[in-house]
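Structural description and commentary
Spelled out from the first residue to the last, the chains are:
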Amino acid sequence: MDRLVDRSLSAAVFAAELPKGTDGLPTRVGTIVVGGGIVGASIALHLAEAGVDDVLLLERGVLTSGTTWHAAGLVAGARGSRAMTGLSSYGLAFYAELDARSGLDVSLTRSGSLSIARQPGRIDELAYARDVAVRSGIEANLVDADAVARLWPLASPEGVLAALHFPNDGYLNPGWAALAIAKLAHEAGVAIREGVEVTAIRHENGRATGVVTAHGTITADRVVIAGGLWSRDLARTAGVSLPLYAAEHVHVRSNKIAGAAPTLPVLRDVDHSYYIRPEAGRLLVGAFEPQGIPRGVETISTEGFATFPDDWEHFAPVRTAAERAVPALGPAGYDRFLTAPESFTPDTAFLLGETAEVENLFVAAGLNSQGIIYGPGIGRELARWIVAGSPQFDSAGVDVRRFSRHQSNRRYLHVRTVESLGRLYAMHWPGYQSQTARDVRRTPLHARLAELGARFGEVNGGERALWYGGPTPEESYSYRRPGSFDQVAAEHRAAREEVALFDLSPFTKVEIAGPEALALVQRAVTSDVDTAVGQAVYTLFLNRNGGIELDGTVTRLAADRFLIVTPSFSHHATLGLLRRLARGTAAVVTDVTAAFATIGVMGPRSRELLQRVSPDDWSDAAQPYQSGREVEVADGFDYSLRISFVGELGYELYPSADLAVNVLDALWEAGQDLGVRMAGYQALDTLRSEKGYRHLGHDIGPADDPYAAGLGFTVALDKPGGFVGRDALAAHDPRAPKHRTVYVTLDDPDIMLVHDEALLRDGVEVGRLTSGAYGHTLGRAVGIAIVDPALVDVATLEAGSVNGAGSGGFAVECRGIAVPATVSRRPFYDPRGERLRG
C-alpha cells in the first residue's frame, strides 16, 4: 500500500458518508475535539472508551488532511525519558492491534530501527537511551559497525562507531492508521463532521463554553484543540498563548533499489540529520536539518494537503550525506520530493493539557513531527486527564503551561523554529541551551552579570546565569564530567564555606491582596498560612486529586497581603492557578515578577556581608529563619526573606528592579575580602541536591502526592476552609505511600548522574533517580530517587552517611554499568542545617 493516504478515502472507510457542513450538526454537545488528524481522532476514541458520551470531532477539511497525511509513519517503543516512553510504547502496542480492531490494513511493519552514532558523545547518549528503554520493558541493544552492516546491507559502515537497535520498532501508513482510529471512534459513538471550520473558541467567566464555526455556534462543556499548526491562532481567540510554529519538513523517495526490502530497519543517521525507511521497493529519505525553514500560517493553504515547492538546493547537504552512507541512492535517483508543514515548539516537546488561561480548554498540539509515535498515547493520557481532572502521568515535560507567554510571539517563534526542526536529531546533551531567539527576556541584573563573566542559559525564554567564567555552554556539554565542572565547584564551595551571590530574579513572584486574600491563599496551598505578618511558609499547591502542581513560599506581608514565590518555569501555571481561584472573590492577583529583582546572599558569611551594606540588625533575634521584613540595603530599601535553597544560612533580597544593580554592586564590593563569588543556577542545583531539596518537574509533579514525595510536613489537613485537593489527600494513608523518596550517592567519584537512571538492589530494579547532580562537598554524584516500598524498607537505611562500598547492595545503572551506590533515608549533607522553606 502506498504510504500517502488518498485524499478522498474517509467516505469509503465509514459505513456511510460522513455528514458535511450543516448536515446533522448539533448545537450542544459534551466535548468538542477540533482537528481530524491522528491526534484528534485518538483523543476522541479514548474519550469514548473512557465512558465520555456526546463527543463531537470537527475537521475543517477531510480527515488526515492537515499533517497526518504526509507523515513518514515511523513508530517507536522508546523515547528519551520514562514518561515519554510510556506514551510511545503504548502507541506501538496500540498499532499492533489496530488492523484487527478496525478491519483496515494500516501496513504496520515491525522491522526495527537503528540509530547510528558517529561521535563519542552520541554513543553516551545512545547508551543512556538504551538504559531508559530496557528499564521500561523495551528491547534495545547497543551494536557495533559490523552489526549495522548485517542489519542494513545497503549502508556503508564507514564512520559508524556504534548504533542502538530496537528490534520491535517500525513504520506504518499514517493516513490509514488515522482513518482506522477515526473509524473506531465513530463506532464508539463519536460524531465526526468534516467540512466544518472552527473560527473561534467561546468562553465565559474563564471557562470554555463551545466553539464558533462557519455554520454557527456549538456549545459544549469542554473543548480540545488538536488542530496542528493552526492551533496557536485558534487558541488566541480565547486569549490563550500556545507557542508553536510551522516549518517545512521534507522527505524524498528514491526510484526502485535492489535490496530495499520492507524488512530493513528504519535507519536514523542522527549525526547527519536524516532517516531512511523502505517504501514499496524504494527508500524514503527524510530530513531534520540543522537550519530549518519556518513558515507562518499565512503562507500555508487552508484547503488541506498543503505542500511547498521542491527545494533540492536546501536538501543538498542531507542528500549528500545520505548518498555517501547508502551508495545505492545516488545512481537510483528519486521519483518524489515532498515538502509539507509540521508544527514545532520552542523546546521540541509537545503541548498537552488544560490551559492556564481558560478552564476546560484542553490542548494536544505542537507534535514536532512525532504525532504518529505519540498519537495513541496522547489520546489515552488526555482522556484520563479530562476524566480524572488532573494528569495521571509525569506530564511536566509536555505541560502546555510550561512556557512564558512571550514565547507564543510569532517573531520569536519564527527565529526559534529555524533551530527547533533540527533539534530532533541534534545531540540531546544534559543541560542543552538553545542558540536562537536568545537575549529576549532578561533580568534587571543581566548586563552586570555579563560583565562579571556569566555564562548564560535560558528557562522558559528567560536568560539566567549558569556559571561564571570558563567555557561556554557549547564547550561544556557532556554526559560525563562537563567542561564547567571546576567553575561550578568553586561557586558551590563559596556557598558552603564563605558567601555566594545568586541572581534569582527569574523566580515567579505574585502578590495577593484584598479583603479575601487570606481565604484565597489558604484555599490554594496545603499549609496553614494564617500566620504572623512577616512569616514565610514553604508549601505546596495541589490539583483536585492531591497531586503536586507547584511548590513555593508564601510570605504574609500584611493582614491582607501575601507574596507567593514559585519556580521560574512555573510562571504561567502559577498565574493561571491563582487567577482561577481568585475569580469572583475580593482578592487581586498581581504578577510582580518583573517589578522586583531577587538576589540570593547565601553562605556562612552571608550575615557578615549584609551587615556591611545595611545599618539594620541581622541577628537571629532580629530576623529568624523563615521570616521577612523591609531593610535598608545599599542606597535603597528591600524586602529581605531569610530562606535558602542551598541549605546554608542565606537571605533573598527583593529590591525594586530600578535599584537591583545598586544593591548587587554594593554586595559585590563589600564582600571581596570575605571570598564572595557570583554563582549560577548549576551551583544552585548541586547545592540543593546535596541537601535533598526537591526540584519541581523532576522530583515532584502532578502525579505525586505530598506523602510519597516526603513533603507531608507541608500538609495541614485540618486548617479552616480546607484547600484544593484536601479531600483526595485525606483518603491517602501517610504511612503507606505509593513510593518513598530516598537519597543516593555514587561510590565512584568520576561518574555523573543525569535523570531517570534505574536504582538497583542486588541487581533488581527497586526505583529510579528523579534528579541528579554532582555533590562537590561530598566529592561524588548525588541524587534523589523514588523506591517501591514493597522492595525497600526505607526505615532500615542509613541516615545520611556516605560510607561507600555500595551500602546495602545498591547500585545505579549508568550507561549500562551498575555503579555501586549508597542510599539513605535522609539527605547526605548537614540534615540539621537550615532547611529550604520548611
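Refer to the structure above for everything that follows.
The present account deals with the structure reproduced in this document. All values reported here derive from a predicted model rather than from experimental measurement. (Residues numbered from 1 in each chain as written. Predicted model: local features only at pLDDT ≥ 70, side-chain atom pairs only at ≥ 80, totals over all residues. Heavy atoms only, no water.)

1. Quick word on the overall build of the protein chain
Of the regular secondary structure elements, the protein chain holds 20 helices and 39 strands. A principal-axis box enclosing the C-alpha atoms of the protein chain has dimensions of 80 × 60 × 50 Å. Taking all contacts inside the protein chain whose residues are at least 6 apart in sequence as the whole, residues at least 24 apart take part in 73%. Here the protein chain has roughly 28,800 Å² of accessible surface; of this, 49% comes from carbon and sulfur atoms. (Helix = DSSP H or I, 4+ residues; strand = E, 2+ residues; numbered from the N terminus. Contact = heavy atoms within 4.5 Å. Areas by Shrake-Rupley, 256 points an atom, 1.4 Å probe, with all protein chains shown as cover.)

2. Observations concerning the pairing of strand 26 (residues 548-558)
Counting buried residues in strand 26 gives 11 out of 11 residues, a clear majority hidden from the surface. Across seven bridges, strand 25 (residues 536-542) lies against strand 26 in antiparallel orientation. Considered in strand 26, the bridge of leucine 540 is made with aspartate 551. Where strand 25 folds back onto strand 26 in an antiparallel hairpin, the turn is made up of five residues, including glycine 546, whose phi is positive at roughly 85°. Across five bridges, the pairing between strand 26 and strand 27 (residues 561-566) is antiparallel. Paired with arginine 556 across the two strands is phenylalanine 562, which belongs to strand 27. (Buried < 20%, exposed > 50% of the residue type's maximum accessible area, 1.4 Å probe, protein only. Pairing = 2+ DSSP bridges.)

3. Points about the nonpolar core
Ile43, Tyr95, Leu98, Phe350, Leu352, Ile378 and Leu382 are the most contacted members of the largest nonpolar core, which has 56 residues in total. Every element with two or more residues in this core is listed here: helix 2 (38-49), strand 2 (55-59), helix 3 (82-102), helix 6 (174-187), strand 20 (361-365) and helix 10 (371-388). In terms of residues, this core owes the most to one element, helix 6, which gives nine residues. In this structure tyrosine 95 touches Ile38, Val75, Leu108, Leu172, Ala177, Ile181, Ile372 and Pro376, once residues within four positions along its chain are discounted. Among the nonpolar cores identified, the runner-up in size contains 33 residues, and Val554, Leu577, Leu578 and Ala709 belong to it. (Core = buried A, V, L, I, M, F, W, Y, C linked by side-chain atoms within 4.5 Å.)

4. Some remarks on the sheet that holds strand 29 (residues 599-602)
One open sheet holds the six strands; their spatial order is 30-31-32-29-23-33, and the pairing between them is mixed. Edge strands, defined here as strands with exactly one partner in the open sheet, are strand 30 (628-633) and strand 33 (677-679). The mean angle between the axes of side-by-side strands here comes to 30°, regardless of whether they run parallel or antiparallel. Of the strands in this sheet, strand 23 (500-503), strand 29 and strand 33 are in contact with helix 14 (residues 485-497), which crosses strand 33 at around 110°. Each of strand 23, strand 29, strand 30, strand 31 (636-641), strand 32 (650-654) and strand 33 is contacted by helix 18 (residues 660-670), which is oriented at about 20° to strand 29, the strand it contacts most. (Axes fitted to C-alpha atoms, helices over the stretch in contact; angles between N-to-C directions.)

5. A few points about empty space enclosed by the protein
Under the criterion given, the structure shown has seven cavities of 30 Å³ or more. The space that makes up the largest cavity amounts to roughly 160 Å³. Lining the largest cavity are 15 residues, and of these Ala396, Asp399, Arg401, Glu549 and Phe569 lie nearest its centre. Among the residues forming the lining of the largest cavity, the class breakdown is seven nonpolar, four polar and four charged. In this structure, the second largest cavity spans a volume of roughly 90 Å³. Lining the second largest cavity are Leu229, Arg232, Asp233, Leu244, Tyr245, Ala246, Arg295, Gly296, Val297, Glu298 and Arg410. At the level of secondary structure, the elements contributing two or more residues to the lining of the second largest cavity comprise helix 7 (231-236) and strand 13 (245-254). (1 Å grid on protein atoms, 1.4 Å probe; cavity = no way out; pocket = protein on both sides within 12 Å on 5 of 7 lines; lining within 4 Å. Points joined across faces, edges and corners; volume = space filled by probe spheres on them. Nonpolar A, V, L, I, M, F, W, Y, C, P; charged D, E, K, R; others polar.)

6. Remarks on the packing of aromatic side chains
Here the distance between the centres and the angle between the planes together describe a pair of aromatic rings. Scanning the entire structure with this criterion turns up 18 aromatic pairs. The interplanar angle of 40° and the centroid separation of 6.0 Å between the aromatic rings of tyrosine 90 and phenylalanine 94 together place this pair among those described as tilted. Residue tyrosine 90 and its partner phenylalanine 94 are both found in helix 3; the two are separated by four residues, about one turn of the helix. Taken together, the aromatic side chains of Tyr128, Trp429, Tyr432, Tyr477 and Tyr479 make up a single cluster linked through ring pairs. Residue placement shows arginine 380 over the ring face of tyrosine 90; its charged tip is 4.2 Å from the ring centre. (Phe/Tyr/Trp six-rings, centres within 6.5 Å; stacked < 30°, edge-to-face > 60°. Lys NZ or Arg CZ within 6 Å of the ring centre and 35° of its normal.)

7. Examining the side chain of threonine 31
Tracing the sequence through the fold places threonine 31 in strand 1 (residues 31-34). A polar contact is formed between the side chain of threonine 31 and the side chain of arginine 222, at a distance of 2.7 Å. Those residues within four positions of threonine 31 in sequence are excluded, and the remaining contacts are Leu47, Val52, Asp54, Val55, Leu56, Arg222 and Val224. (Polar contact = N/O pair within 3.5 Å; in protein donor to acceptor, adjacent residues only side chain to side chain.)

8. What about the side chain of asparagine 460?
By secondary structure assignment, the location of asparagine 460 is in the loop between strand 21 (454-459) and strand 22 (462-468). There is a polar contact of 3.2 Å between the side chain of asparagine 460 and the backbone oxygen of serine 568. Leave out the neighbours within four places in its chain, and asparagine 460 touches Arg402, Phe403, Ser404, His406, Gln407, Arg441, Ser568, Phe569 and His571.

9. So, the packing of helix 14 against helix 19 (residues 681-691)
As a packed pair, helix 14 and helix 19 sit with axes 9 Å apart at the nearest point and diverge in direction by 55°. Regarding the angle of helix 14 to helix 19, the classification is oblique. In this structure, helix 14 crosses over helix 19, and the sense of that crossing is right-handed. Contact residues: helix 14 offers Val488, Glu491, His492, Ala495 and Arg496, while helix 19 offers Gln682, Ala683, Thr686, Leu687, Glu690 and Lys691. (Parallel < 35°, antiparallel > 145°, perpendicular 65-115°, else oblique. Left-handed = near helix turned anticlockwise from the far one by under 90°.)

10. Regarding unusual backbone geometry
Outside of glycine, negative phi angles account for most residues, and trans bonds account for most peptide bonds. Of note in the backbone geometry, threonine 348 takes a positive phi value of approximately 55° without being a glycine. Looking at the element boundaries, threonine 348 is found in the loop between strand 18 (334-344) and strand 19 (351-354). The phi angle at aspartate 439 is positive, at roughly 55°, despite the residue not being glycine. Structurally, aspartate 439 is set in the loop between helix 11 (410-423) and helix 12 (446-451). Owing to a relative accessible area of 41%, aspartate 439 belongs among the partly exposed residues under this scheme.

The analysis is restricted to geometry; functional conclusions fall outside its scope.
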